[in-house]
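# Results of the structural survey
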Amino acid sequence: MTGGDEAGRATALDDRPAIDPPAWFVEQANVSESSVYDRFEREWPDCWRRAADLLEWHEPPTDVLRGADGLPFEWFPDGTLNASHTCIDRHLPERKNQLALIWEGHVGESRSYTYRELYREVNAVAAALRGKGVEADDVVTIYLPNVPELPVVMLACVRLGVIHNVVFAGFSANALAERLERTGSSLLVTCDGYYRRGSAVAQKNKADNARIAVERDVDVVVLDRLGLDVHLGEGYDDYDRLRAEYDGETVDPVPRDATDTLFRIYTSGTTGQPKAVDHTTGGYLSHVAWTSHAVLDVKPEDTYWCSADIGWITGHSYIVYGPLALGTTTVLYNGTPDHPEKDRIWEIVEEYAVDVFYTAPTAIRAFMKWGERHPASHDLSSLRLLGTVGEPIDEPAWRWYREHIGGGECPVVDTWWQTETGAILLSTLPGVDAMKPGAAGKPLPGIEMGVVDSAGEPVGTGNAGELVVTRPWPGMPQSLRTGEGWGAAAARGEGWHYSPEDGATVDGDGYLTLLGRIDDAINVAGRRFSTMELESAIASVDGVVEAAVVGADHATTGTAVYAYVSPTGTCAEADLQMRIERAVESAIGSVAVPEAVVFTPELPKTRSGKVMRRLLTAVANGEALGDISALRNPEILGELQSATPE
Ligand code: WT7
């Protein structure tokens with residue numbers, strides 16, 4: 001996606017002021033030597049030993065990367081380890097009485113586990129799973145919301161060398177059945193139900209329906225979360241009863257090869273069919289531990305909170321594995337940010353004196369809309385570092401986050417990665433690099449990425465192109481590692497590369513700005529515009545919460561820009577529309593000015609919080625909507641259809 005000149009100019013960040021990390025932060029940062037980039041470059045791939053050294057290995061690897069110039073890539077090939085050991089057991093001598101996990105449910109409902117307590121839970125559940133007959137390399141499916149038993153069951157699985165497949169609890173029975181079928185899983189762990197915004201969701205009913213739809217016999221273990229007194233027939237077990245039966249037993253962690261699969265997860269399905277991604281034990285764990293250390297600056301004495309759902313990769317990597325590998329206290333929240341009140345998140349930050357907070361731009365835009373009085377009513381001075389992930393964060397949201405959550409002081413890291421990459425590949429290092437609001441940053445030390453045109457040639461500074469990763473990285477999934485079943489996304493030829501299918505630009509300092517998925521780019525009268533660049537221009541208008549733009553068929557220009565805008569509701573729409581048009585014209589050019597601006601209280605989003613542009617495109621073109629099962633707020637569609645001009 002080579003951008004026209006106009007597009008290029010609008011996204012060049014060279015002239016934006018870079019913000020240096022404050023001295024107090026640098027002084028205490030885990031990584032603060034600016035030589036880290038050169039050193040990693042000089043010593044690649046051995047530099048990654050530094051990541052592996054953050055773990056405790058059963059057999060420490062003597063080799064870092066075998067097959068650097070040919071598939072399969074083997075990271076830490078002769079090392080063996082167990083994830084449950086490195087995340088729990090090895091911390092016991094030093095911090096058995098330190099909290100490993102703080103769990104917060106609805107108001108007044110909380111639980112916490114020290115490392116010793118977590119050890120006891122995980123061992124009992126591992127013994128129970130073994131009692132159910134599961135063995136190393138089997139796949140166990142877990143269908144639980146953010147409750148403490150979710151990480152406990154994950155860690156119990158990996159203790160046995162069993163591969164877990166966590167299915168997001170909000171998914172339907174059909175989505176669960178499909179994953180059970182595809183993974184060949186014979187054991188499912190779920191719960192009776194859970195609360196969402198104060199009302200009960202009947203989880204076991206969905207699990208029952210999925211079980212019926214699957215050919216194979218599937219045993220089900222049901223956690224009593226709500227006391228719903230559900231019927232447990234043949235093939236069903238009660239979680240608490242099982243756990244109690246094995247309480248006090250210990251299970252030796254099974255040593256795994258570094259290249260063995262740790263877990264399976266499906267991609268979120270924003271675009272196309274969800275695909276299974278298998279992450280490795282040694283490479284993945286090293287990469288998540290290193291990035292938790294170097295990017296999120298996590299220290300054992302911290303209270304660290306990533307507000308994601310464990311059902312997504314973000315929760316696997318940065319609620320469970322990264323933080324626990326480093327021996328910190330990780331916070332797990334089961335609830336929504338605005339229930340019962342819009343200050344729920346800040347109440348929790350204050351209560352536990354959270355040091356590092358990691359969330360998504362979609363949440364930040366909601367916080368902005370709700371107003372600064374909510375964070376302002378809490379003491380957030382414990383915060384040291386803020387992070388975001390999931391989408392590009394536009395400059396106004398970045399500034400609001402730093403100002404109103406970070407007290408104008410905390411560094412903010414905008415971390416780019418994917419389900420497929422396992423861990424962060426692109427971000428600033430908060431103890432080393434200056435920040436540029438709106439730009440994610442440089443590839444991390446030891447990571448090599450570029451921005452190329454359709455011929456695969458590097459684009460010049462400021463021009464839009466396609467992001468590529470040009471060297472293997474430790475957290476790479478099995479299919480990329482071995483080259484099996486990845487098709488066009490990974491290619492060899494002039495050297496190996498992986499295409500994440502995101503657009504980006506690069507500035508003179510090597511900072512990358514992400515422009516959204518390449519399939520989302522809009523071509524108007526022969527010029528390609530990134531959705532991100534248009535949406536940023538619209539989001540910078542006072543009175544706009546967020547915006548999504550799509551291309552609609554147009555008789556003259558081929559495609560016209562339709563903008564779907566969620567307003568704060570404080571300005572007259574006609575005036576707002578005019579200011580939006582002007583903002584797009586001055587940031588990008590008149591050719592990109594939206595043909596239609598449609599105001600909507602909410603944008604259609606997936607359950608993982610991403611705007612479903614595919615649906616908006618269908619609405620804009622008056623086409624059938626297709627599969628909407630990934631959509632969190634289907635009720636909004638009718639309204640969108642009637643508000644969109646014919
Ligand atoms: C896609 C991956 C990684 C966990 C969350 C999502 C987009 C992610 C950023 C960022 C711009 C970002 C990309 C990427 N994305 N982080 N900091 N800036 N875009 O995982 O569901 O696999 O989605 O999310 O488009 O390809 P995922």
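The structure presented is a predicted model; accordingly, all values stated were derived computationally and were not measured. (Residues numbered from 1 in each chain as written. Predicted model: local features only at pLDDT ≥ 70, side-chain atom pairs only at ≥ 80, totals over all residues.)

### Some details on the packing of helix 9 (residues 173–183) against helix 10 (residues 203–213)
In contact at an axis separation of 8 Å, helix 9 and helix 10 are set at 45 degrees when each is read in the N-to-C sense. Between helix 9 and helix 10, the crossing angle belongs to the class labelled oblique. The hand of the helix 9/helix 10 crossing is right-handed. Where helix 9 abuts helix 10, its residues Ala-173, Leu-176, Ala-177 and Leu-180 lie against Lys-206, Ala-207, Asn-209, Ala-210 and Ala-213. Here the residues of the contact of helix 9 with helix 10 sort into 7 nonpolar, 1 polar and 1 charged. (Axes fitted to C-alpha atoms, helices over the stretch in contact; angles between N-to-C directions. Helix = DSSP H or I, 4+ residues; strand = E, 2+ residues; numbered from the N terminus. Parallel < 35°, antiparallel > 145°, perpendicular 65-115°, else oblique. Left-handed = near helix turned anticlockwise from the far one by under 90°. Contact = placed C-beta atoms within 7 Å. Nonpolar A, V, L, I, M, F, W, Y, C, P; charged D, E, K, R; others polar.)

### As for the nonpolar core
One finds Leu-129 and Leu-425 to be the most contacted residues of the largest nonpolar core, which totals 156 residues. Element by element, the count of residues in this core is highest for helix 7 (residues 115–131), at 10 residues. Residues from two domains meet in this core; each of domain 1 (3–88 + 279–332 + 354–370 + 377–517) and domain 2 (89–254) gives at least three. (Core = buried A, V, L, I, M, F, W, Y, C linked by C-beta atoms within 7 Å. Buried ≥ 20, exposed ≤ 12 C-beta atoms within 10 Å, placed from the backbone. Domains from an automatic or database assignment.)

### Some details on the sheet that holds strand 12 (residues 236–238)
Taken in spatial order, the 7 strands line up as 12-11-8-6-7-14-15 in an open sheet, and their pairing is mixed. The sheet is open, and its two edges are formed by strand 12 and strand 15 (276–280), each paired on a single side. Averaged over all pairs of adjacent strands, the angle between strand axes in this sheet comes to 25 degrees, irrespective of strand direction. Relative to strand 11 (residues 219–223), strand 8 (residues 187–191) runs parallel, the two being bridged by 5 bridges. Opposite Val-189, over in strand 11, you have Val-221 as the bridge partner. (Pairing = 2+ DSSP bridges.)

### Quick look at the sheet that holds strand 31 (residues 544–554)
Spatially, the 3 strands line up as an open sheet ordered 31-32-33, and their pairing is mixed. The outermost strands of the open sheet, each flanked by one partner alone, are strand 31 and strand 33 (596–599). When strand polarity is set aside, the average angle formed by the axes of neighbouring strands in this sheet is 25 degrees. Together, strand 31 and strand 32 (558–567) form the strand contacts of helix 21 (residues 613–620), whose direction differs from that of strand 31 by roughly 55 degrees.

### Side note on the pairing of strand 4 (residues 99–104)
The buried count for strand 4 comes to 5 of 6 residues, which makes it a mostly enclosed element. Strand direction decides the pairing type here: strand 4 and strand 5 (residues 110–114), joined by 5 bridges, are antiparallel. Within strand 5, the position partnered with Ile-102 by the bridge is Ser-112. Between strand 4 and strand 5, which pair antiparallel and follow one another directly, the connecting turn spans 5 residues, one of which, Gly-108, has a positive phi of 90 degrees. Bridge count for strand 4 against strand 17 (residues 329–333) is 4 bridges, and the pairing is parallel. The partner of Ile-102 across the bridge, within strand 17, is Val-331.

By themselves, these figures tell us nothing about what the structure is for.
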